[in-house]
Amino acid sequence: MLENIASGFELFFTISNLLAITAGVCLGVVVGAIPGLTATMAVALALPFTFNLDPVTGILLLVGVYKGGVFGGSITAILIRAPGTPAAACTLLDGYPLAQKGQAGKALNMALYASCIADFLSNLSLIFFASLIAGLALAFGPPEYFWLICFSLTVVISISGDSLTKGLISGLMGLLTSTVGLDLVYGTQRFTFDNFNLMGGVSYIPLLIGLFALPEVIDFYVRKVAPVVVKTADKSRVTLEEFKGSLLSILRGSFIGVIIGTIPGAGATAAAFLSYGEARRTSRSPETFGKGNVEGVAASEAGNNGVAGATLIPLLALGIPGDVVTAVILGAFMLQGLTPGPLMFQDNITIIYAIFIGLMLSSIVLLGSGKLAIRYFARIADIPRHILLPVVLMFCVFGSYAVQSQMFDVGVMLAFGLLGYMMMKIGMAAAPFLMAFILGPLFEDNLRRSFLISEDIMIFFRSPICWIFIVITIFSLFVGIRRELRATRAKRDVIRSKGTK
Amino acid sequence: MSDNTIEADARRGRRREIVFAGLTLAASALFALIVIPRGVTTPASVKHLPLSPAFLPYLLTASIGVFALIHMLEAIFAPHIPAEDEGAQPGMHPRWKGRVLMLCALLALYLFLPDQLGMLPTSILVTVALLAIGGERRPLILLGVGISVPLLVYLFFAHVAQVPLPTGIFEDWM
């Protein structure tokens, strides 16, 4: 084994590999920070550049782009409330309020630290537990997935904002929106009304941009004064106390990210929201979440980035891509004449070790390039709002159009922007909508696939994994609802006592 | 703040919540009675209820209705809890109606003009107009930001990200 590791080091330490990983991470951070351009798109764009590179160099370039893209999404989420990636939508819940308080630097730095730690832990889990965790992922069938999604959906309670019922309605609306498109089982139309553009469902990038970024633009032109005055970001830093206070959430989020990342299809968005929900549930001051709690930023970024390394586990250990990005990376492996899976660990172990070393280094590169990016991107916060917001709107339009190169998606973005603005006005949180919209297809698909496997409802209770998720779903529901009801009762008691005085 | 003002705010807040719940209830009824039957095609061969394409939409619509009802009862019978930023937010702009109308018109331009005029000219037009509506009067900023930023963003998307943006009447030129 030591001989293989030494060979891996020898293979990795070349100028081209170091350049590839640095360039990849930097490119990923920049592309990820642009609303509409996702990490997936960045990896796909970088793929042609790998054709003439060595296998390790090419793969490391793509992995660097992916990791940079995952972090980059949080930059614009924090600064202008326009998440670069869907998972970064969770980061804006506390990141943007911090930016409004003039602490954008603190939020960005905490996001970076949490991202790097989670990424590093995720890489470690990939290296040491790949085969073990991959075996666990294989034990997931439709009923297990169904309960996992049910558990993930309980987070809606934690991100409901001031009103639990409104948050639940928002989540249900998100689920309902996710049903638009061709039916997965019968292929019949649902809410498409013969519109060809809706056959594949509502695109999530225009929905995401519309729901979060556009309401800020509309609000600016409606209000008497600029609603947000984001102060200079450079002066705020993460203190040691804040870092220590968030460390547990970072570690927990990383663990959640690793587990979710290992399971094909579950995705970084679910991990980010789950990690955020857990951080809020276990916090001594849950009421500060959503209003600029730096621990909330740390938790969501840890969950988000914990997924990055772990998504490579099913790819490298089993040859199964867990999401679109890893499918593109699988394509890159194949273009290089390599087939990921158990045989690769026998035939190309040196390449595997070289990639592992590169992955570990990518966390350090991410820290450096992230620091650099924060220094320059944070200046966005200093731009006057009346100049910044027209540019934000332009990015919203270009980003929405870029998804499928059709103006219909711009229309979708504008429609959800209006919906988001109305939701903002009536105090209904948009995060449950997005969370449910992204998990909706997985929820329904696995529910119906379970029924296709067996007509007996007992299929949902067939394995210990099902039972584990049933128990934690019920526990999470019970604890979440009890906490929200207690908080509401306490507020009402205060109002009643004021009324009797 | 005087007691009368607080009471008036609470009454207004309560009324707003009742209207919201009522509209949500009405929307869920509309969905259940008209939109789902017309918008979801259910094949005759469906064996089990959960396998029907209409199962989840009906379930979700009913759930929305139930929670809207709970919200309405809460708004009627329980004391109104003001949102934390309620009242603390700045008021409307004196010309907000005109500004909103102009914003809507510019958003409509963004939606319908790129196919005819091209994405770049449309972006320049809308960005300059929005800067002007936002209060920018310096020609250097108006034209400098209004032209250079859309141009840079266009070049990035079209030539780096390889997105085939609409070129409209400037197709040959671009």
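The structure we're discussing is the one just above.
Okay, so let's go over this structure.

The rules behind each value
Residues numbered from 1 in each chain as written. Chains lettered and ligands numbered in written order. Predicted model: local features only at pLDDT ≥ 70, side-chain atom pairs only at ≥ 80, totals over all residues. Heavy atoms only, no water. Helix = DSSP H or I, 4+ residues; strand = E, 2+ residues; numbered from the N terminus. Rg over C-alpha atoms; globule rule 2.2 N^0.38 Å. Buried < 20%, exposed > 50% of the residue type's maximum accessible area, 1.4 Å probe, protein only. Areas by Shrake-Rupley, 256 points an atom, 1.4 Å probe, with all protein chains shown as cover. Lys, Arg positive; Asp, Glu negative; His and termini not counted. Charge placed at Lys NZ, Arg CZ, Asp CG, Glu CD. Salt bridge = Lys/Arg side-chain N within 4 Å of Asp/Glu carboxyl O. Contact = heavy atoms within 4.5 Å. Buried area = accessible area lost by both parts, 1.4 Å probe. Polar contact = N/O pair within 3.5 Å; in protein donor to acceptor, adjacent residues only side chain to side chain. Nonpolar A, V, L, I, M, F, W, Y, C, P; charged D, E, K, R; others polar. Patch = residues over 30% accessible without salt bridge, like charges linked within 9 Å, V, L, I, M, F, W, Y side chains within 5 Å. 1 Å grid on protein atoms, 1.4 Å probe; cavity = no way out; pocket = protein on both sides within 12 Å on 5 of 7 lines; lining within 4 Å. Points joined across faces, edges and corners; volume = space filled by probe spheres on them. Phe/Tyr/Trp six-rings, centres within 6.5 Å; stacked < 30°, edge-to-face > 60°.

1. Some thoughts on the overall build of chain B
Helix and strand counts for chain B stand at 6 helices and 0 strands. Taken against the 2.2 N^0.38 rule, which gives 16 Å for 174 residues, the C-alpha radius of gyration of chain B at 25 Å runs more than 25% over that of a compact globule. Projected onto its principal axes, the C-alpha coordinates of chain B cover approximately 65 × 60 × 25 Å. Out of the 174 residues in chain B, the part that is buried amounts to 35%. Total accessible area computed for chain B in this model is approximately 10000 Å², and 69% of it derives from carbon and sulfur atoms. Averaging the locations of the 12 positively and 12 negatively charged side chains of chain B gives two centres separated by 7 Å.

2. Some thoughts on the pattern of salt bridges
Side chains bearing opposite charge may pair, as long as their charged atoms lie close to each other. Residues and elements named next belong to chain A. Within this structure, the stated rule accounts for 12 salt bridges over all chains. Of the charged contacts in the structure, one is a salt bridge between Glu 242 and Lys 106, with a shortest N-O distance of 2.7 Å. In this pair, Glu 242 sits in helix H12 (residues 240-262) while Lys 106 sits in helix H6 (residues 104-138), placing the two residues 136 residues apart along the sequence. On the accessibility criterion, Lys 106 (10% relative accessible area) is buried. Of the charged contacts, one joins Arg 281 and Glu 278 as a salt bridge, the two residues approaching to 2.8 Å between their closest N and O atoms. You can see Arg 281 and its partner Glu 278 sitting in helix H13 (residues 268-282), 3 residues apart, about one turn around the helix. Using a relative accessible area of 15% as the deciding quantity, one classes Glu 278 as buried. If you follow the salt bridges from partner to partner, you end up with Asp 183, Arg 190, Glu 444 and Arg 448 in one network.

3. Quick look at helix H3 (residues 39-46) of chain A
Among all positions in H3 of chain A, only Ala 39, Met 41, Ala 42, Val 43 and Ala 46 of chain A are buried. Of the surrounding elements, those touching the buried residues of H3 of chain A are helix H2 (15-32), helix H4 (55-80), helix H16 (324-335) and helix H19 (385-404) of chain A.

4. Remarks on the interface of chain B and chain A
Interfaces are often sized by the amount of accessible area the parts lose when they come together. In this complex, chain B contributes 76 residues to the contact, which on the side of chain A involves 60 residues. Interface area, chain B with chain A, both sides summed: about 6300 Å², of which 77% is carbon and sulfur. Between the two partners, chain B and chain A, sit 1 salt bridge. One can count 11 residue pairs in polar contact (both at pLDDT 80 or more) joining chain B with chain A. When contributions to the side of chain B that touches chain A are tallied by element, the ones reaching two or more residues are helix H1 (3-39), helix H2 (55-77), helix H3 (96-112), helix H4 (114-117), helix H5 (119-133) and helix H6 (139-160) of chain B. In terms of residue count, the dominant contributor to the side of chain B that touches chain A is H2 of chain B (12 residues). Of the residues belonging to the side of chain B that touches chain A, the class tally is 51 nonpolar, 16 polar and 9 charged.

5. Thoughts on a positive patch on the surface
Residues and elements named next belong to chain A. Taken together, the side chains of Arg 237, Lys 371, Arg 375 and Arg 379 present a region of like positive charge at the surface. With respect to the element layout, Arg 375 can be found in helix H18 (residues 349-377). For Arg 375, a relative accessible area of 51% gives the class exposed.

6. Observations regarding empty space enclosed by the protein
All names here are of chain A. Under the criterion given, the structure shown has 1 cavity of 30 Å³ or more. One number sums up the size of the largest cavity: a volume of about 90 Å³. The wall of the largest cavity is formed by Phe 151, Thr 154, Val 155, Ile 157, Ser 158, Leu 274, Gly 277, Glu 278, Arg 281, Ser 476, Gly 480 and Arg 483. Sorting the residues of the lining of the largest cavity by element identifies helix H8 (155-158), H13 and helix H22 (464-500) as the ones contributing at least two each.

7. Brief notes about the packing of aromatic side chains
Residues and elements named next belong to chain A. Inspection of every chain in the model, using the stated rule, returns 18 aromatic pairs over all chains. Seen in terms of ring centroids, Phe 151 and Phe 469 are 6.3 Å apart; in terms of plane orientation they differ by 45°. Their pairing is tilted. Separated by 318 residues along the polypeptide, Phe 151 in helix H7 (residues 142-153) and Phe 469 in helix H22 bring together distant segments of the chain. Accessibility assignment for this pair places Phe 151 and Phe 469 in one class, buried.

8. Quick word on the environment of Arg 492 of chain A
Note that Arg 492 of chain A resides in helix H22. For Arg 492 of chain A, a relative accessible area of 14% puts it in the buried group. For the pair Arg 492 of chain A and Val 294 of chain A, spaced 198 residues apart in the sequence, the C-alpha separation amounts to 28 Å. Those residues in contact with Arg 492 of chain A, other than ones at most four positions away along the chain, are Glu 74, Ala 78, Pro 79 and Ile 81 of chain B.

9. Here we look at a nonpolar patch on the surface
Where nonpolar side chains cluster on the molecular surface, the patch consists of Leu 69, Leu 73, Ile 76 and Phe 77 of chain B and spans about 410 Å² of accessible area. Examined against the element boundaries, Ile 76 of chain B turns out to sit in helix H2.

10. Looking at unusual backbone geometry
Residues and elements named next belong to chain A. Positive phi is not limited to glycine here, since Arg 81 has a value of about 60°. Note that Arg 81 resides in the loop between H4 and helix H5 (92-100). For Arg 81, a relative accessible area of 17% translates into the label buried. Look at Asp 194: it is not a glycine, yet its phi comes out positive at around 60°. Along the polypeptide, Asp 194 turns up in the loop between strand S2 (189-190) and helix H10 (204-212). The exposure class of Asp 194 is exposed, given its relative accessible area of 64%.

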